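# Per-entry structural report
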Amino acid sequence: MNNVKLTIALVIAVALQWTLRNIAEPFAYVDLPLIIVVYAALQRDAIKAIFFGTIAGLAVDALSGGLLGGNGFSKTVVAFIVSEVARRVYLDNLLLRIPVIAAACLLDDLVYYGLHRLFGQEPAGQVVVTIAYSLIGTTIAGTLVYIMLDHLFSEKVRSRRSEMFPKRRHTRRRNPIRLGK
């Protein structure tokens with residue numbers, strides 16, 4: 001069930017990435033699919049994270065009209081590295097996830113613009129300024145999205161629902177056999 005929720009979140013993130021860019025210019029610096037890919041990678045399943053990274057990157061490339069495969073490759077590399085780090089280091093705390101999303105955003109942008117330079121395509125605008133704005137925007141948005149996703153995927157929501165209708169209280173039965181006095 002979590003995989004279905006995560007897939008729906010990825011589809012929504014790709015659609016929002018494509019549409020919010022046209023509504024307001026500052027939303028162009030927030031990489032929503034990367035946030036979902038890193039969240040999938042933090043669940044310590046490398047295959048699922050790589051799959052989500054590839055699909056998200058190719059979808060963003062197909063919708064943006066840029067270098068086809070550049071985002072797919074960079075998000076796949078980020079998904080693999082974050083997944084391997086999450087397997088070795090305990091990253092279930094929100095405060096530890098903030099530097100992870102920042103590092104993932106920096107790595108994603110460096111790999112993406114490195115591929116552009118490798119293939120001889122000059123990116124539009126200043127690369128350092130774009131990376132800085134993307135790092136700030138994605139880190140802030142990622143923190144907020146992680147809070148929402150943790151609330152959505154948490155087990156506490158299910159336990160709260162079961163507490164609304166508690167089971168009958170069973171009385172404690174006394175042991176008829178007394179040991180000692």
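Residues numbered from 1 in each chain as written. Predicted model: local features only at pLDDT ≥ 70, side-chain atom pairs only at ≥ 80, totals over all residues. Heavy atoms only, no water.

This brings us to a nonpolar patch on the surface. Residues Val4, Ile8, Ile12 and Leu16 make up a contiguous nonpolar surface patch of about 340 Å² in total accessible area. Within the element layout of this structure, Val4 appears in helix H1 (residues 2-23). (Patch = residues over 30% accessible without salt bridge, like charges linked within 9 Å, V, L, I, M, F, W, Y side chains within 5 Å. Areas by Shrake-Rupley, 256 points an atom, 1.4 Å probe, with all protein chains shown as cover. Salt bridge = Lys/Arg side-chain N within 4 Å of Asp/Glu carboxyl O. Helix = DSSP H or I, 4+ residues; strand = E, 2+ residues; numbered from the N terminus.)

Let's shift gears to helix H2 (residues 32-41). Within H2, 10 of the 10 residues are buried, which leaves the element mostly enclosed by the surrounding structure. All buried positions along H2 are accounted for by Leu32, Pro33, Leu34, Ile35, Ile36, Val37, Val38, Tyr39, Ala40 and Ala41. In this structure, the buried residues of H2 make contact with H1, helix H3 (46-64), helix H4 (70-88), helix H5 (94-118) and helix H6 (127-153). (Buried < 20%, exposed > 50% of the residue type's maximum accessible area, 1.4 Å probe, protein only. Contact = heavy atoms within 4.5 Å.)

Below, the discussion takes up the packing of aromatic side chains. For the structure shown, the criterion picks out four aromatic pairs. Relative to Tyr146, the ring of Tyr39 lies with its centre 5.5 Å away and its plane at 40 degrees, an arrangement referred to as tilted. Here Tyr146 lies in helix H6 and Tyr39 lies in helix H2, a separation of 107 residues in the sequence. Residue Tyr39 is classed as buried on the basis of its relative accessible area, which comes to 5%. Residue placement shows Arg97 over the ring face of Tyr146; its charged tip is 6.0 Å from the ring centre. (Phe/Tyr/Trp six-rings, centres within 6.5 Å; stacked < 30°, edge-to-face > 60°. Lys NZ or Arg CZ within 6 Å of the ring centre and 35° of its normal.)

If you trace the backbone, Ile35 turns up in helix H2. With relative accessibility at 0%, the residue Ile35 sits in the buried group. For Ile35 and Ile101, which are 66 residues apart along the polypeptide, the C-alpha to C-alpha distance reads 7.1 Å.

Contact pair H2 / H4: the axes reach a minimum separation of 8 Å and the direction vectors enclose 30 degrees. Between H2 and H4 the crossing geometry is right-handed. Contact residues: H2 offers Pro33, Leu34, Val37, Val38 and Ala41, while H4 offers Lys75, Val78, Ala79, Val82, Ser83 and Ala86. (Axes fitted to C-alpha atoms, helices over the stretch in contact; angles between N-to-C directions. Left-handed = near helix turned anticlockwise from the far one by under 90°.)

Per the stated rule, a full pass over the model turns up seven salt bridges. Among the ionic pairs, Asp92 bridges to Arg44, the shortest N-O distance being 3.3 Å. Of the two residues, Asp92 sits in the loop between H4 and H5 while Arg44 sits in the loop between H2 and H3, which places them 48 residues apart along the sequence. Under the relative-accessibility criterion, Asp92 is labelled partly exposed at 33%. Arg97 serves as the salt-bridge partner of Asp150, at 3.1 Å between the closest nitrogen and oxygen. One end of the pair, Asp150, is in helix H6; the other, Arg97, is in helix H5, and 53 residues separate them in sequence. Where salt bridges share partners, they join Arg44, Asp92, Arg97 and Asp150 into one cluster.

Next up on the list: the nonpolar core. The biggest cluster of nonpolar side chains holds 32 residues, and the ones touching the most others in it are Ile36, Val38, Leu42 and Val82. Put simply, the parts of the chain that give this core at least two residues each are H1, H2, H3, H4, H5 and H6. Of the residues forming this core, the biggest block, nine residues, is contributed by H2. Ignoring sequence-local partners within four residues, the contact set of Val82 consists of Val38, Ala41, Leu42, Val100 and Ala104. (Core = buried A, V, L, I, M, F, W, Y, C linked by side-chain atoms within 4.5 Å.)

What follows deals with the layout of surface pockets. Roughly 660 Å³ of internal volume is contained in the largest pocket. The wall of the largest pocket is formed by 24 residues, among which Arg21, Ala28, Tyr112, Tyr113 and Thr130 lie closest to the centre. Only H1, H3, H4, H5 and H6 provide two or more residues apiece to the lining of the largest pocket. Among the elements that make up the lining of the largest pocket, the one with the highest residue count is H5 (five residues). (1 Å grid on protein atoms, 1.4 Å probe; cavity = no way out; pocket = protein on both sides within 12 Å on 5 of 7 lines; lining within 4 Å. Points joined across faces, edges and corners; volume = space filled by probe spheres on them.)

Note that all results are geometric; they support no functional claim without further evidence.
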